[in-house]
Amino acid sequence: MTRTVLESATKTVVIGFDEPFCVIGERINPTGRKKLAAELELDDFTTVERDALEQVACGAMVLDVNSGAVFTNKMAADPRYADNNFVEPPLMKALIERVQAVVDVPLCIDSSVPGALEAGLQAAYGRPLLNSVTGEEERLELVLPLVKKYNVPVVAISNDDTGISEDPDVRFAVAKKIVERAADFGIPAHDIVVDPLVMPIGAMASAGQQVFALVRRLRDELGVNTTCGASNISFGLPNRHGINAAFLPMAIGAGMTSAIMNPVRSVEMEAIRAANMLMNHDPNGGAWIGLAKVLEAVKEGVTFAEASRAAMDAGARTGGRRGGRRSRG
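What you see is a predicted model, and the numbers here were worked out from it, not measured in a lab. (Residues numbered from 1 in each chain as written. Predicted model: local features only at pLDDT ≥ 70, side-chain atom pairs only at ≥ 80, totals over all residues. Heavy atoms only, no water.)

Caption draft 1: Representation of the environment of Leu 42 within the structure. Mapped onto the secondary structure, Leu 42 falls in the loop between helix H1 (34-41) and helix H2 (46-58). Spatially, the C-alpha atom of Leu 42 lies 19 Å from that of Ala 52, the residues being ten residues apart in sequence. (Helix = DSSP H or I, 4+ residues; strand = E, 2+ residues; numbered from the N terminus.)

So this is what it looks like as structure tokens:
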């Protein structure tokens, strides 16, 4: 059975077909978040630290850390800030250090800049997930050596030099190519987590059916774990969280094993907890019962994040379980 092992300094998370669905928190990402980008430009990590704590309290097992910030004011004073290769490596290092100072879950190092990926790998404890490699030849040659050098798993996105295909067979072929190229570097298939690319259902009516079929093929034919940007499915539509909450259990049923998503939204987390129990990945329904208590508190007027944090703190006071330390090897 395929097992992708991620580690922090103190915790181990396993992504696998027989494991609870792995929630990768998406919020530490300045892309499209002007307030966060402005804070980072001032070396203010207040929102980053708050987002890290909230996401873990709400159920994120891994945190994605993205360094794709645009520093408008600094760019005007110094043209070097227009170059992501200049901006992102030191920013990624700072983000990783700040996040690791407040939470102890494994990280997903997210950048299109190879220098930022390596800066994150150097700063991260344990065994993080690298996000990402594509089927583009230049990207394969830049990223796969880093994956091998640091012995970490990697997200493989199913697009190549021709772009993103609407044909699911082409996306499968790109994923297969990446797995095969990774093997040439000595990287095993269990360290490849494929993102088959979720298309917006509002633009492509068959997008859901496509991704479910793709996930089954990736599991059955390549034996790899899978992930996605869960909110892509609802892009441009009203009541997006309702669509996401329907999509996630269906994807889990098809074999998807993780998603990069916002865990602070209770409706999606409720859907995932229910799916875990229905897939027999929640022993004795413990996680479902814990969530039910949190949702009862939400009915009384507190936010999902506040109620989740209180429940986590209560568990810590009564000696809640923690993962053991593992070395990267």
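Caption draft 2: Looking closely at the sheet that holds strand E9 (residues 225-226). Taken in spatial order, the eight strands of this open sheet run E9-E8-E7-E6-E5-E4-E3-E10, and their pairing is parallel. Each edge of the open sheet is held by one strand with a lone partner, namely E9 and strand E10 (258-261). For strand E3 (residues 22-28) and strand E4 (residues 62-66), the ladder comprises three bridges, and the chain directions are parallel. When the sheet's bridge partners are listed, Gly 25 is paired in E4 with Leu 63. H2 contacts E3, E4 and E10 of the sheet and is inclined by roughly 160 degrees relative to E3. On top of the sheet, helix H5 (residues 114-123) reaches strand E5 (107-110) and strand E6 (129-134); it is set at about 155 degrees to E5, its chief contact. (Pairing = 2+ DSSP bridges. Contact = heavy atoms within 4.5 Å. Axes fitted to C-alpha atoms, helices over the stretch in contact; angles between N-to-C directions.)

Caption draft 3: Structural view of unusual backbone geometry. Cis geometry marks the peptide bond from Asn 131 to Ser 132, where omega comes out at 25 degrees. Relative to the elements of secondary structure, Ser 132 occurs in strand E6. The phi angle at Leu 197 is positive, at roughly 70 degrees, despite the residue not being glycine. Following the sequence through the fold, Leu 197 ends up in the loop between strand E8 (192-195) and helix H8 (207-222). Accessibility expressed as a relative area gives 13% for Leu 197, which makes it buried. Unlike most non-glycine residues, Asn 280 shows phi in positive territory, near 60 degrees. Its place among the elements puts Asn 280 in the loop between helix H10 (266-278) and helix H11 (286-299). (Buried < 20%, exposed > 50% of the residue type's maximum accessible area, 1.4 Å probe, protein only.)

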